[in-house]
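Observations on chain architecture
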Amino acid sequence: MILPDDMFDSIVGCSSIRLEGRAAERRGQDRIRQPNRVHVIPMAHNIAPHPINAQVRDMSPEGIGLLLPRKLLPGDTLLIRLVSREMKFWVYCDVTRVERVADGLFVTGATYDRIVSPMTGFDSHAVAAASH
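Read on for an overview of the structure. It should be emphasised that the depicted structure is a prediction, and the values quoted were computed from it without experimental measurement. (Residues numbered from 1 in each chain as written. Predicted model: local features only at pLDDT ≥ 70, side-chain atom pairs only at ≥ 80, totals over all residues. Heavy atoms only, no water.)

Focus on the overall build of the chain
In terms of helices and strands, the chain carries two helices and seven strands. Helices and strands appear in the chain in the N-to-C order α-β-β-β-β-β-β-β-α. The buried share among the 132 residues of the chain stands at 39%. Intrachain contacts of the chain at a sequence separation of at least 6 include 52% that bridge at least 24 residues. Surface summary for the chain: the accessible area is close to 7400 Å², and the carbon and sulfur share equals 51%. (Helix = DSSP H or I, 4+ residues; strand = E, 2+ residues; numbered from the N terminus. Buried < 20%, exposed > 50% of the residue type's maximum accessible area, 1.4 Å probe, protein only. Contact = heavy atoms within 4.5 Å. Areas by Shrake-Rupley, 256 points an atom, 1.4 Å probe, with all protein chains shown as cover.)

Now the structure itself:
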């Protein structure tokens, strides 16, 4: 899924921010450094979901990079609370990459799967079209 332009611009705070090039990396799109904190709920099998306060490293319209205090595995699902100027909403994400960077700290890359909160202020048809 790709976040609609107006939603992504509202999250990062400005539509004129230039995306950072990452040609040498495996990402499909460039990302914006976004030093915010978000609530993350790992949705692992047989584990009660508990919110984690995580540091956002960067984001793009297709995905997000996080610093997490817990190791997840590619294929795991996360529920992430994003905040825009207009609203707060939850997005299911699929973990695509995990790398240990320090004791108890993991860089985790994830792609957006679907938005699960009401679409107040945004065109829900645009979100549905972007997810296909």
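Brief notes about the pattern of salt bridges
A complete count under the given rule lists three salt bridges for this structure. Among the salt bridges present, the one from D103 reaches R100, with a minimum N-O distance of 3.0 Å. For the pair D103 and R100, a shared accessibility class is recorded, and that class is exposed. (Salt bridge = Lys/Arg side-chain N within 4 Å of Asp/Glu carboxyl O.)

Quick word on the pairing of strand β7 (residues 105–115)
Each regular strand displays side chains that alternate between the two surfaces of the sheet. Both strand β4 (residues 63–68) and β7 contribute to a ladder of six bridges, which runs antiparallel. Considered in β7, the bridge of L68 is made with F106. Where strand β6 (residues 88–102) meets β7, ten bridges bridge the pair, whose relative direction is antiparallel. By the bridge assignment, R100 is partnered in β7 with F106. The hairpin turn running from β6 into β7, its antiparallel successor, is two residues long, and G104 in that turn takes a positive phi close to 75 degrees. (Pairing = 2+ DSSP bridges.)

Some details on helix α1 (residues 5–12)
For α1, every residue scored as buried is listed here: M7, F8, S10, I11 and V12. Once α1 ends, the next one or two residues include G13, with phi positive near 95 degrees.

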